[in-house]
Amino acid sequence: MPQRCNTLFIVNKAGGLIYTRHFSKENQLNVNDCLRLASTFHSMHAIAGRLTPAGAPSGIETVEADTFRLQCFQTPTGIKFIMLAEPMVSNLDNLLRQIYSLYSDFVLKNPFYVS
Amino acid sequence: LEMAATNQKGKAIVDRPVPRGKSEVSLSAFCFLFSEMVQYYQTRVNTTQELEKKLAGAGYGVGVRMLELVCFREKGSKRETRIVGMLSYIKDHIWKAMFGKAADALERSTEREDEYMIHEKEPLVNTYVSVPKDFGHLNCASFVAGAVHGILDSADFPARVTAHTVQFTNETRTTILVKFSQEVMERERRLG
């Protein structure tokens, strides 16, 4: 994991947060804030998808600010992989795709995973 | 009298040639199937011991058929009658047919003369399985242990076969423990 990534969220189809992982020691959001962030982002993603004037609805991919960068990858099954990182980090989309590949292997093929 | 089932062309299933057998199945397909099997048994048992027994039962049938198939395909080999020969055959040929590579090691227990162990660092069936803590020492390689049990029973080496998780300092390994019955040990002694 690159040094400058802060947090990874995995949000399921219904908008509930199913996984959080922090990679940096400072600025950690507490659990309730993480849940609120996940559900709020889920709703905004859905609304943004409807706002496109033309073409297929797609939702929010990146949110860039001065102090952070948020990248979201939505899978065809509705799961969102959201990564919070420092502003100058690039190639998060590829990273999130790799994470999705690992998720579909080690989570979905695990008989003891209850979704 | 029941005739063998015939397909449309009138060829009975016992007349068709046995498939060559160099085909491979994708790991993903197998792991999904295995995962469903574990989940299926989980709803029908109450303890981890029972789950391991069910998985071993499922593997038993696979083992019986694997022995016949591998022996048939590998024309020209003699039937194994000694313990070490049989276990080496399992470790090499059966493992190669099932998992694509031989098992890691075969070891004889120093404490008891009727116990042997097949070591496998990461069994293929456990590739994507993470056992939660409240399941204790459950090892889904019990399926593989069941297959070995089926093979040994068919080859006339009655034994008790179980899968164990062995904890090392920084990793866990799987061991398949084979405990042969008295008659096998006596026969082995007679054969010298």
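A brief look at the structure comes next. (Residues numbered from 1 in each chain as written. Chains lettered and ligands numbered in written order. Predicted model: local features only at pLDDT ≥ 70, side-chain atom pairs only at ≥ 80, totals over all residues. Heavy atoms only, no water.)

Side note on the overall build of chain A
The condition is simple: Labels follow the DSSP assignment, with helices taken as runs of H or I lasting at least four residues and strands as runs of E lasting at least two, numbered in each case from the N terminus. Each radius of gyration is computed over the set of C-alpha atoms, and the globule rule expresses the reference value as 2.2 Å times the number of residues to the power 0.38. The rule is simple: take the accessible area with a 1.4 Å probe, protein chains only, and divide by the maximum for that residue type; under 20% is buried, over 50% is exposed, in between is partly exposed. Pairs of residues are marked as contacts when any of their non-hydrogen atoms sit within 4.5 Å. Only the protein chains shown count as covering a residue, and every accessible area follows the Shrake-Rupley method with a 1.4 Å probe. Neither His nor the chain ends is counted toward charge; the positive residues are Lys and Arg and the negative residues Asp and Glu. To locate a charge, the coordinates of NZ of Lys, CZ of Arg, CG of Asp or CD of Glu are taken.
Each helix and strand counted, chain A has two helices and five strands in total. Reading the helices (α) and strands (β) of chain A from amino to carboxyl end gives β-β-α-β-β-β-α. For chain A, whose C-alpha radius of gyration is 14 Å, the value lies close to the compact-globule estimate of 13 Å for 115 residues. By principal-axis analysis of the C-alpha atoms, chain A measures approximately 40 × 35 × 30 Å. Of all 115 residues assigned to chain A, the portion counted as buried reaches 36%. Of the contacts made within chain A by residues no fewer than 6 positions apart, 39% connect residues no fewer than 24 positions apart. With the model as given, the accessible surface of chain A reaches about 7100 Å², and the carbon-plus-sulfur share is 54%. Of the charged side chains in chain A, 10 are positive and 8 negative, and the gap between their average positions amounts to 9 Å.

Focus: the layout of surface pockets
Residues and elements named next belong to chain B. The condition is simple: Method remark: on a 1 Å grid restricted to protein atoms, a set of points is classed as a cavity if a 1.4 Å probe fits but cannot get out and as a pocket if it is open with protein on both sides within 12 Å along at least five of seven lines; lining residues have an atom within 4 Å of a point. Grid points are joined across faces, edges and corners, and a volume is the space filled by probe spheres set on the points.
Looking at the largest pocket, its volume works out to about 1200 Å³. Surrounding the largest pocket, 27 residues form its lining, Ser23, Lys96, Ala97, Met98 and Phe99 being those nearest its centre. Going through the elements one at a time, helix 1 (27–42), helix 2 (48–73), helix 3 (83–99) and helix 4 (142–154) are the ones with two or more residues in the lining of the largest pocket. The greatest single-element share of the lining of the largest pocket, amounting to six residues, is contributed by helix 3.

Observations regarding helix 3 of chain B
Residue and element names in this part refer to chain B. Cut-off, in case you're wondering: Multiplying 1.5 Å by the residue count of a helix minus one yields the expected span of that helix. Axes are fitted to the seven residues ending at a residue and to the seven starting at it; the angle between these axes is taken as the bend at that residue.
The terminal C-alpha atoms of helix 3, which comprises 17 residues, lie 22 Å apart, in line with the 24 Å expected from a rise of 1.5 Å per residue. Considering bend angle alone, the principal kink of helix 3 is centred on isoleucine 90 and spans about 30°. Where helix 3 is concerned, the buried positions are Ile83, Met86, Leu87, Tyr89, Ile90, Lys91, Ile94 and Trp95. Where helix 3 is buried, its residues meet helix 2, strand 1 (105–108), strand 2 (115–120), helix 4, strand 4 (172–180) and helix 5 (182–191). Looking one or two places after helix 3, you find glycine 100, whose phi comes out positive at around 85°.

Considering the environment of A:Thr67
All names here are of chain A. Tracing the backbone through its elements, the reader meets threonine 67 in the loop between strand 3 (62–64) and strand 4 (69–74). For threonine 67, a relative accessible area of 67% puts it in the exposed group. Between the alpha carbons of threonine 67 and threonine 52 there is a distance of 27 Å; along the sequence they are 15 residues apart.

Remarks on helix 1 of chain B
Along its 16 residues, helix 1 of chain B runs 22 Å from first to last C-alpha, staying within 8% of the 22 Å computed at 1.5 Å per residue. Against the buried residues of helix 1 of chain B lie helix 2 and helix 4 of chain B.

The values are spatial; any link to function lies outside them.
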